[in-house]
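# Survey of secondary and tertiary structure
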There are 2 protein chains.
Amino acid sequence: MLDYAHLTALAAVIRTGSFERAAQQLNVTPSAVSQRIKLLEERLGVVLVVRDQPCTATEVGQRLCQHVEQVALLESSLKGSLPGLQAESLPVTLRIAVNADSLATWFIPAMAKTEGYLFDLVLDDQDHSAEWLRRGEVVAAVTGHDTPIQGCDCHPLGALRYVATASPEYCGRWFTDGFNELTAARAPCLIFNQKDRLQVEWLRQVLGADVHPPLHLLPSSQAFVDAALAGIGWGMNPEPLVIDHLRTGRLVALKPDKSLDVPLFWQQSRIVSRVMGNVTRAVVSEARTMLAFAIGT
Amino acid sequence: MLDYAHLTALAAVIRTGSFERAAQQLNVTPSAVSQRIKLLEERLGVVLVVRDQPCTATEVGQRLCQHVEQVALLESSLKGSLPGLQAESLPVTLRIAVNADSLATWFIPAMAKTEGYLFDLVLDDQDHSAEWLRRGEVVAAVTGHDTPIQGCDCHPLGALRYVATASPEYCGRWFTDGFNELTAARAPCLIFNQKDRLQVEWLRQVLGADVHPPLHLLPSSQAFVDAALAGIGWGMNPEPLVIDHLRTGRLVALKPDKSLDVPLFWQQSRIVSRVMGNVTRAVVSEARTMLAFAIGT
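Residues numbered from 1 in each chain as written. Chains lettered and ligands numbered in written order. Predicted model: local features only at pLDDT ≥ 70, side-chain atom pairs only at ≥ 80, totals over all residues. Heavy atoms only, no water.

## Describing the overall build of chain A
Test applied: Put simply, DSSP H or I for four residues or longer makes a helix, DSSP E for two residues or longer makes a strand, and each gets a number counted from the N terminus. Only protein chains enter the accessibility calculation, which uses a 1.4 Å probe; a residue is then buried when its area is under 20% of its type maximum, exposed when over 50%, and partly exposed in between. Throughout, a contact is declared for two residues whenever any of their heavy atoms are within 4.5 Å. Residue exposure ignores everything except the shown protein chains as possible cover, and the areas themselves are Shrake-Rupley values with a 1.4 Å probe.
The number of helices and strands found in chain A is 14 helices and 11 strands. When its C-alpha atoms are laid out on the principal axes, chain A stretches across 70 × 40 × 30 Å. When each of the 297 residues of chain A is scored for burial, the buried share is 49%. Contacts in chain A between residues far apart in sequence, at least 24 positions, make up 73% of those at least 6 positions apart. Of the roughly 13,300 Å² of accessible surface on chain A, 52% is carried by carbon and sulfur atoms.

## Some thoughts on the interface of chain A and chain B
What counts, and what does not: Buried area is understood as the total, over both parts, of accessible area removed when two parts are fitted together, assessed with a 1.4 Å probe. Any carboxyl oxygen of Asp or Glu within 4 Å of a side-chain nitrogen of Lys or Arg constitutes a salt bridge here. Throughout this description, a polar contact denotes any pair of N or O atoms lying within 3.5 Å of each other; where both atoms belong to protein, one of them has to be capable of donating a hydrogen while the other can accept it, and for residues adjacent in sequence the pair is counted only when both atoms sit in side chains.
Taken together, the 37 residues of chain A in the interface contact 37 residues of chain B. Taken together, the two surfaces of chain A and chain B that pack against each other cover about 3,400 Å², and 61% of this comes from carbon and sulfur. The largest share of the area that chain A buries against chain B comes from I108, Q194 and H212 of chain A, three residues that together contribute 16% of it. Put simply, chain A and chain B have 2 salt bridges between them. Of the charged contacts in the structure, one is a salt bridge between R173 of chain A and E115 of chain B, with a shortest N-O distance of 3.2 Å. In this structure, the connection of chain A to chain B is made through 16 residue pairs in polar contact (both at pLDDT 80 or more). Among the secondary structure elements, those contributing two or more residues to the side of chain A that touches chain B are α1 (4–16), α2 (19–26), α6 (100–105), α7 (107–112), β4 (117–123), β8 (215–217) and α12 (221–229) of chain A. When residues in the side of chain A that touches chain B are grouped by element, the largest group, 6 residues, is from β4 of chain A.

## Digging into the domain arrangement of chain A
Residues and elements named next belong to chain A. Using the following cut-off: Bear in mind that the domain bounds are from an automatic or database domain assignment.
Splitting chain A by domain gives domain 1 (4–81), domain 2 (92–155 + 271–290) and domain 3 (161–261). On a C-alpha basis, the centroid separation for the pair domain 1 and domain 2 is 24 Å. Taken together, the 9 residues of domain 1 in the interface contact 12 residues of domain 2. Joining domain 1 to domain 2, the criterion identifies 0 salt bridges.

## Structural notes on the relation of the copies chain A and chain B
Mapping between the two chain copies consists of a rotation about an axis together with a translation along that axis. Rules: Least squares is used to superpose the copies, and the fit set is the C-alpha atoms of residues whose pLDDT is at least 70 in both copies.
For the pair chain A and chain B, the relating rotation is 180°, the translation along its axis is 0.0 Å, and the fit reaches an RMSD of 0.1 Å. This pairing of chains is accounted for by a two-fold axis.

## What to know about the pattern of salt bridges
Within this structure, the stated rule accounts for 22 salt bridges over all chains. A salt bridge links R270 of chain A to D153 of chain A, with the nearest nitrogen and oxygen atoms 3.0 Å apart. With R270 of chain A in the loop between β11 (260–269) and α14 (273–290) and D153 of chain A in strand β6 (residues 152–166), the pair connects residues that are 117 residues apart, well separated along the chain. The class for R270 of chain A is partly exposed, based on a relative accessible area of 46%. A salt bridge links D244 of chain B to R247 of chain B; the shortest N-O distance between them is 3.6 Å. Placement of both D244 of chain B and R247 of chain B in helix α13 (residues 239–248) is noted, with a separation of 3 residues, approximately one turn of the helix. For D244 of chain B, a relative accessible area of 52% translates into the label exposed. Of the residues examined, R247 of chain B reaches a relative accessible area of 65% and is grouped as exposed. Residues participating in the shared-partner salt-bridge network are E201, R204 and D210 of chain A.

## Some remarks on the pairing of strand β3 (residues 92–98) of chain B
Residues and elements named next belong to chain B. Defined as follows: Strand pairing follows a simple DSSP-based rule, namely that at least 2 bridges must link the two strands.
Across the 7 residues that make up β3, a large majority, 6, are buried. In terms of strand pairing, β3 meets strand β5 (residues 140–143) through 2 bridges, oriented parallel. Looking across to β5, one finds that I96 is bridged to A140.

## Comments concerning the pairing of β11 of chain A
All names here are of chain A. Counting buried residues along β11, 8 of its 10 residues qualify, which places the element largely inside the surrounding structure. Of the strand pairs in this sheet, strand β5 (residues 140–143) and β11 are connected by 4 bridges, and their pairing is antiparallel. Each bridged residue has a counterpart across the sheet, and for A141 the counterpart in β11 is Q267. As judged from the 10 bridges shared by β6 and β11, these two strands associate in the antiparallel manner. Bridge pairing links P156 to F265 in β11.

## A word on the side chain of H128 of chain B
Here H128 of chain B is to be found in the loop between β4 (117–123) and α8 (129–134). H128 of chain B has contacts with P54 of chain A together with K195 of chain B, leaving out every residue within four places of it along the chain.

Encoded structure:
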């Protein structure tokens, strides 16, 4: 078998980003950490750590790091049978891919319902978060992908409703002649990043045409709302984040009867099902409460 | 000289992520776009676009893309002298690196004060955002780096004040024996990502020791506040985001007299100084209003 003391040193260097901090975390000297990584690299014949500030993992290093974290997860499920382990064991870290809008609306209350876990969240678009799981870089994902990924269980969560919103001043400036193909092609639009297809999808549904507005790229859910409020652009905002602004009139819906529902799913690696059972239950129950316009639940 | 029709096609493919969308944006056929990229690749003898979903740039492709965007920026500064250009020219896109907490607090009001620009924001830690500028991947950055980067002008913005905050329930659970080295080493702490050294820095300043608490990684400014409110962990939150919660008692400061001021600077490529003058003025003026606890201003 692999040497798990060495692997633990590797994971600590990758997670903390430095040999010194890894050493402090493991209560050994930096040279002991360095020695362990070196032995591991010699045995495997590949470089595992890019010595930089911060230190990062090579591809193989990352794979080993994931492996040792999964082993730690499995170990933690022994706790029930071996009470002696409890005292010495640290809380397990769950690396999970989440779309930014779920983090901004319902995911934190779900995290708060669990006990004894640490979360390492990776943000990615709901159309891409499943890839993290497929690559084995996370143990679970909130995703738009509705069929189970190999080795994973898939739980439907309901749908997050999006409303195309802008400030009244913005609409007065760009849409006095109505909201149509011509005006939409000139009015600045907010997108999260290049992966974000929501705005263009919605334009196609509503106007029946491919429209390519000038784009601001703003990779933050809250910044999207703030930029809409400030009149910088219009964007598809999750209803829970804008409902109060819509009520008070600080934001208006471009097409009040045309919202867009994005179905979400919780996919979770079956290997860690037992360890993560509480998290899955919290996520599913919180999503079903918060995603009021749920589909398929 | 390089063929700028070909380079424009390259930039459109990289920005939209597909040949089809680039073609629509440029009002040509996808095969014309494909042909232009191919000619460019053949002439330069390197691959410029990774054909994938979405299409991404190779390192050289990225460099050329930055070049063509800078040329577009320079062209836009001709507008004043050549009014005939005005009608046909599109707004210029400014790629800027910003730390997430600036985006969450004062950067959007600064954007709203400008006219005729599109923003492509890249988020990175204030200790790392300057690297984007050094690599030529952005034209400006909000950074903690206080000496001018080569070819750039540096404007001090003041400092963003951070307060170590948690919910009263969280403090009741983890700090009933006081806030000290021992309790801080057990209480779950929020960090933004591995680059985020604020919490550990603050612990060192306040406790005079290197403390390594269990960590949640939460890469979102608003999620940091939400997670503190939900009792998931404590974290260094920007004062503007938590001041109301501190007043109402939903959050408490772990050490009310020990805040941490992080000085910020606006560094901006001198080549585009004229084009970006309005943006620099808006950024500097907004920062100086919002960063109330300014240092060196």
